[in-house]
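# Fold and contact review
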Amino acid sequence: MKKSAKIITGIVVVGVLALLIVPRFLKPAETADPAQPPVVQAEAPQTGSITLYRELTGTIQPSDMVSVIPKLAGEVTEVYVKTGDHVQEGQALLKIDNRQLDSARISMETAQVALNDAQTNLARMQALYASGDISAQTYEQTASAAQQAQLQYDAAKLNYDTQAEYTTITAPIAGVIESFSPEVHDMISQTAPVCVISGGEGMMVNFAVPEKIASGLAAGDPLKVEKGDNEYDGTITEVSTMVDAATGLFNVKGTLPGAQDLATGTTVKLSVVSDRADNVMTLPVDTIYYEGGDSYVYTYEDGTIHKVPVEVGIYDSEKAQILPGIDAGTLVLTTWNSELYDGAPATLESEAAAGETQTQQTEETSADEQ
């Protein structure tokens, strides 16, 4: 009896195992779905310009600066301006005591009297000559004397006017008085300036560069000046062709319109063009890769990724100039993932989006037909 029970139990266990194992052998093998190719983004090269700047330092100067030097020596009797004043061209700055002016006035007045007498005598002689009472020689001598008196008066008046002009010192240009030292009763001479006037509509920046940089600069090139939070655009006006003996550098000047708020003598940071490429093929710098010093890009064509060597020209923080390697119609990958390599399959994002849209429209159409 016990032996029969064991046999029955064994048969039940074998049956259960058969029910669990047999379906596994009879079940058809599952087909693995092929991996979908990665979706990538790509764009064609653009045509543009790249400008590279080199940072330097410079000094701010007025566009016009004049040192006013007296033409006569003397004692200052009146002062009309002070440092920081704005003046107009021809405006009086100061007056000096010029004793030569009195002497010149006396000489002029004396010459005026002599001229009046000569002209009166000439008028009288004209009447006598017309009536035949005097000879032509006598008349000519009188006329010559009157002409000489006129010349002497003209010379005396010119000397007086010059002395009067030099006595009052005026501004040769319109602008701001940067420095002014004379005071009343000071003695001034013809050897030292009494003031410095800066004028013009803008300011200038002066800086010095080595020969390598100077050779790449020319009048008309743009420059940028920074001071604090302000930035000013300017233009190079002069590039010296002679080395400064004191510094061994080449001096360069540039104009800065609208920079009147910069103080004369201020040291500023400036940038000049060190290299430039116009109307060239460009790519974003992050689409270019390097291996062993060689540059290359990944391109997309007909569902396949290609690794293409390229030659890079100048570049800034955003874009790089592309020399031989690709053409304007090449699609260059702008995305990257670990599945990308030369020859790898891929789907362009725009094509994938178009496929999804078409599938969705097909499904919607089928649903409407049902």
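These remarks concern the structure in this document. (Residues numbered from 1 in each chain as written. Predicted model: local features only at pLDDT ≥ 70, side-chain atom pairs only at ≥ 80, totals over all residues. Heavy atoms only, no water.)

## Section: the overall build of the protein
Operational definition: Numbering of helices and strands runs from the N terminus; a helix is a DSSP stretch of H or I covering at least four residues, while a strand is a stretch of E covering at least two. By definition, residues are in contact when any of their heavy atoms lie within 4.5 Å. For every accessible area listed, the method is Shrake-Rupley and the probe measures 1.4 Å; residues are considered covered only by the protein chains on display.
A count of helical and extended segments in the protein gives 5 helices and 21 strands. Considering only contacts within the protein whose residues lie at least 6 apart along the sequence, 73% involve residues at least 24 apart. Accessible surface for the protein amounts to roughly 23,400 Å². Of this, 52% is attributable to carbon and sulfur atoms.

## Some details on the pairing of strand β18 (residues 312-315)
Heads up, the rule is: Being paired, for any two strands, means DSSP has found at least two bridges between them.
Note that β18 and strand β19 (residues 319-322) share 2 bridges and pair antiparallel. Pairing of Tyr315 across the sheet is with Ala320, part of β19. Between β18 and β19, which follow one another and run antiparallel, lie 3 residues.

## Brief notes about the sheet that holds strand β4 (residues 74-79)
This is how the line gets drawn: Under this scheme, a helix contributes an axis fitted over its contacting stretch, all axes are lines through C-alpha atoms, and angles between N-to-C directions fall in the 0 to 180 degree range.
Across the sheet, which stays open at both edges, the 4 strands sit in the order β7-β6-β4-β9 with antiparallel pairing between neighbours. Where the open sheet ends on each side, the last strands, each with one partner, are β7 (168-170) and β9 (187-188). Bridging between β4 and β9 involves 2 bridges; their strand directions are antiparallel. Its bridge partner being in β9, Glu75 is matched across the sheet by Met187. Strands β6 (92-97) and β7 of the sheet are contacted by helix α3 (residues 136-167), whose axis makes an angle of about 65 degrees with β7.

## Concerning the pairing of strand β17 (residues 304-309)
When a strand is regular, its side chains alternate between the sheet's two faces. Where strand β16 (residues 294-301) and β17 come together, 6 bridges link them in antiparallel fashion. Each bridged residue has a counterpart across the sheet, and for Tyr300 the counterpart in β17 is Ile305. Linking β16 back to β17 in an antiparallel pair, the connection comprises 2 residues, with Asp302 at a positive phi of about 55 degrees.

## A closer look at α3
Threshold: A helix's residues, less one, multiplied by 1.5 Å, set its expected span.
For α3, which comprises 32 residues, the first-to-last C-alpha distance of 47 Å matches the rise-based estimate of 46 Å (1.5 Å per residue) to within 8%. Of the surrounding elements, those touching the buried residues of α3 are β6, α2 (99-131) and β7.

## Observations concerning the packing of aromatic side chains
Keep this limit in mind: Aromatic contacts are taken between Phe, Tyr and Trp rings whose centres are within 6.5 Å, Trp giving its six-membered ring; a plane angle under 30 degrees counts as stacked, one over 60 as edge-to-face, and the others as tilted. Here's how the labels work: a residue is buried when its accessible area is under 20% of the maximum for its type, exposed when over 50%, partly exposed in between, all with a 1.4 Å probe on protein chains only. Criterion for a charge above a ring: Lys NZ or Arg CZ within 6 Å of the ring centre, and within 35 degrees of the ring normal.
Scanning the model with the defined rule gives 6 aromatic pairs in all. Between the aromatic rings of Tyr129 and Tyr139, the centroid separation amounts to 4.9 Å while the plane-to-plane angle is 10 degrees, which identifies the pairing as stacked. Remark: Tyr139 occurs in helix α3 and Tyr129 occurs in helix α2; sequence separation between them is 10 residues. Their ring planes at 85 degrees and their centres at 5.7 Å tell us that Tyr296 and Tyr298 sit as a pair that is edge-to-face. Accessibility classification places Tyr296 together with Tyr298 in one group, the buried group. These aromatic residues form a ring-pair network of at least three members: Tyr289, Tyr296, Tyr298 and Trp336. Note that Lys307 overlies the ring of Tyr296, its terminal NZ or CZ placed 4.3 Å from the centroid.

## Brief notes about the packing of α2 against α3
Filter applied, for reference: Geometric relationships in this document are graded by angle, where less than 35 degrees denotes roughly parallel, more than 145 denotes roughly antiparallel, 65 to 115 denotes roughly perpendicular, and other angles denote oblique. Here is the rule for handedness: rotate from the far helix to the near one, and if that takes an anticlockwise turn smaller than a right angle the crossing is left-handed, while a clockwise turn gives right-handed. When residues are sorted by character, Ala, Val, Leu, Ile, Met, Phe, Trp, Tyr, Cys and Pro go into the nonpolar class, Asp, Glu, Lys and Arg into the charged class, and all the rest, Gly among them, into the polar class.
Interaxial distance between α2 and α3 falls to 8 Å at its minimum, and their mutual angle equals 160 degrees. Taken as axis vectors, α2 and α3 run roughly antiparallel relative to one another. The two elements α2 and α3 meet at a crossing, and its hand is left-handed. For the contact of α2 with α3, the residue count by class is 20 nonpolar, 12 polar and 2 charged.

## Observations concerning the environment of Ser274
Along the chain, the position of Ser274 falls in strand β14 (residues 267-284). Along the sequence, Ser274 and Ile213 sit 61 residues apart, while their C-alpha atoms lie 7.1 Å from each other. Among all residues touching Ser274, those that are not within four sequence positions of it are Leu52, Tyr53 and Arg54.

## A look at the pattern of salt bridges
Quick note on the threshold: The term salt bridge refers to a side-chain nitrogen of Lys or Arg lying within 4 Å of a carboxyl oxygen of Asp or Glu.
Counted according to the given criterion, the structure contains 6 salt bridges. Between Lys157 and Asp161 there is a salt bridge whose closest N-O contact spans 2.9 Å. Highlighted residues: Lys157 and Asp161, both in helix α3, separated by 4 residues, approximately one helical turn. Arg276 is paired through a salt bridge with Asp278; the nearest N and O atoms lie 2.9 Å apart. Here Arg276 falls in the partly exposed class, since its relative accessible area comes to 45%. With relative accessibility at 41%, the residue Asp278 sits in the partly exposed group.

Note that all results are geometric; they support no functional claim without further evidence.
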